[in-house]
Amino acid sequence: MKTAEENALALAQILEDSKADDVCVIDVSELNSWTDFFVIATVHSTAHTQGLAKQIKDYVKENEMEIHLTHNKAPGGDDWNLIDIGPVVVHLMSQDAREFYELEKLWHNGKRLK
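Conventions and cut-offs
Residues numbered from 1 in each chain as written. Predicted model: local features only at pLDDT ≥ 70, side-chain atom pairs only at ≥ 80, totals over all residues. Heavy atoms only, no water. Pairing = 2+ DSSP bridges. Helix = DSSP H or I, 4+ residues; strand = E, 2+ residues; numbered from the N terminus. Contact = heavy atoms within 4.5 Å. Axes fitted to C-alpha atoms, helices over the stretch in contact; angles between N-to-C directions. Expected span 1.5 Å × (residues − 1). Salt bridge = Lys/Arg side-chain N within 4 Å of Asp/Glu carboxyl O. Buried < 20%, exposed > 50% of the residue type's maximum accessible area, 1.4 Å probe, protein only. Phe/Tyr/Trp six-rings, centres within 6.5 Å; stacked < 30°, edge-to-face > 60°.

With respect to the sheet that holds strand 1 (residues 21–27)
And step 1. Spatially, 3-4-2-1-5 is the arrangement adopted by the five strands of the open sheet, whose pairing is mixed. Both edges of this open sheet fall to strand 3 (80–84) and strand 5 (111–112), since each of them pairs with a single strand only.
And step 2. Examined bridge by bridge, strand 3 and strand 4 (residues 88–93) share five bridges and lie antiparallel to one another. Each residue of the ladder has a partner; that of Ile83, found in strand 4, is Val90.
And step 3. In the packing of helix 2 (residues 46–62) onto the sheet, the strands contacted are strand 3 and strand 4, and the crossing angle to strand 4 comes to about 165 degrees.

Details of helix 2
And step 1. In this model, helix 2 (17 residues) spans 24 Å end to end at C-alpha, consistent with the 24 Å of a helix rising 1.5 Å per residue.
And step 2. Contacts made by the buried residues of helix 2 are with helix 1 (4–17), strand 3 and strand 4.

Comments concerning the pattern of salt bridges
And step 1. Throughout the structure, instances matching the rule amount to three salt bridges.
And step 2. Taking the shortest distance from any N to any O, the salt bridge between Lys114 and Glu16 comes out at 3.2 Å. Taken together, the positions of Lys114 in the segment after strand 5 and Glu16 in helix 1 put the pair 98 residues apart, joining distant regions of the chain.
And step 3. Using a relative accessible area of 32% as the deciding quantity, one classes Lys114 as partly exposed.
And step 4. Taking relative accessible area as the criterion, Glu16 reaches 30% and is therefore assigned partly exposed.
And step 5. When the shortest N-O distance is used, the salt bridge between Asp58 and Lys54 registers 2.9 Å. You can see Asp58 and its partner Lys54 sitting in helix 2, four residues apart, about one turn around the helix.
And step 6. Here Lys54 falls in the exposed class, since its relative accessible area comes to 52%.

Some thoughts on the environment of Asp36
And step 1. Mapped onto the elements of the fold, Asp36 is located in the loop between strand 1 and strand 2 (37–42).
And step 2. Taking the C-alpha atoms as reference points, Asp36 and Ala8, 28 residues apart in sequence, are found 9.3 Å from one another.
And step 3. Ignoring sequence-local partners within four residues, the contact set of Asp36 consists of Ala4, Ile26, Asp27, Val28, Ser29 and Pro87.

Some details on the packing of aromatic side chains
And step 1. Applying the stated criterion across every chain, the model contains five aromatic pairs.
And step 2. With a centroid separation of 6.3 Å and an interplanar angle of 80 degrees, the aromatic rings of Trp34 and Trp107 are classed as edge-to-face. Of the two residues, Trp34 is situated in the loop between strand 1 and strand 2 and Trp107 in the loop between helix 4 (103–106) and strand 5; the sequence distance between them amounts to 73 residues.
And step 3. Arranged with centres 5.1 Å apart and planes meeting at 85 degrees, the rings of Phe38 and Trp107 form a pair that is edge-to-face. Placement of Phe38 in strand 2 and of Trp107 in the loop between helix 4 and strand 5 is noted, with a sequence separation of 69 residues between them.
And step 4. These aromatic residues form a ring-pair network of at least three members: Trp34, Phe38 and Trp107.

These results come straight from atomic positions and should not be treated as a statement about function.
Below is the structure:
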């Protein structure tokens, strides 16, 4: 079984291999109690987001992990897709959403692994 860090880095590699931009992994384990790693990536379209989400779900299934259901504030919104895998939270964001929310800046005290 892989560690949360190994899973976060593997998910980041999947995103990079699938043409997501500016992929980063941040260790936030010392900053909160609900997750250990953020994987953040910029996506280009709804189809791109859906394809990446499917690859993440396949990885989760293959590695006997579980996706926790989340509730979107704006159903059908394409700007930010959050996939909560417990110790790893994946953020698939449009360029506009990424610039607006600035997660890396918000979680700047976390250790950036990638």
